[in-house]
Amino acid sequence: MQTYTVVGLLLDVDCTELIIAAVLPGPVAEQIEVLATSEDDFTRWAEEFHAPTPDAAAALAYDYCRTSLDEG
């Protein structure tokens, strides 16, 4: 298991929809800088996951957004 940081965009009208831009090795979510510009209809997003592979971390991110954020 390794820590991966998943970076992407959440659709503003449905916060359970995540578009993944990158999966980075290591716990770097706190180091990601939010830019001054913004994308229409999207919110920037980064979260850390413990997984055996980058693909598994991406799958965990999708599951997290579809369940945790939908409930919150």
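Please refer to the structure placed before this passage.
In this report, we go over the structure that sits alongside the text.

About the criteria used
Residues numbered from 1 in each chain as written. Predicted model: local features only at pLDDT ≥ 70, side-chain atom pairs only at ≥ 80, totals over all residues. Heavy atoms only, no water. Helix = DSSP H or I, 4+ residues; strand = E, 2+ residues; numbered from the N terminus. Contact = heavy atoms within 4.5 Å. Core = buried A, V, L, I, M, F, W, Y, C linked by side-chain atoms within 4.5 Å. Buried < 20%, exposed > 50% of the residue type's maximum accessible area, 1.4 Å probe, protein only. Polar contact = N/O pair within 3.5 Å; in protein donor to acceptor, adjacent residues only side chain to side chain.

**Notes on the environment of Val 23**
With respect to the helices and strands, Val 23 occurs in strand β2 (residues 14–25). Separated by 30 residues in the primary sequence, Val 23 and Thr 53 place their C-alpha atoms 9.7 Å from one another. Residues in contact with Val 23, not counting those within four places in the same chain, are Tyr 4, Thr 5, Val 6, Pro 54, Ala 57 and Ala 58.

**Notes on the nonpolar core**
Membership of the largest hydrophobic core is limited to ten residues, which are Tyr 4, Val 6, Leu 10, Leu 18, Trp 45, Phe 49, Ala 51, Ala 57, Ala 61 and Cys 65. Val 6 has contacts with Ile 20, Ala 22, Val 23, Trp 45, Ala 46, Glu 47, Phe 49, Ala 57, Ala 58 and Ala 61, leaving out every residue within four places of it along the chain.

**Topic: the side chain of Thr 3**
Inspection of the secondary structure puts Thr 3 in strand β1 (residues 2–11). Thr 3 gets classed as buried once you look at its relative accessible area, which sits at 16%. In terms of polar contacts, Thr 3 uses its side chain to reach the side chain of His 50, at 2.8 Å. Every residue in contact with Thr 3, bar those within four places of it in the chain, is listed here: Leu 24, Pro 25, Gly 26, Pro 27, Glu 48, Phe 49 and His 50.

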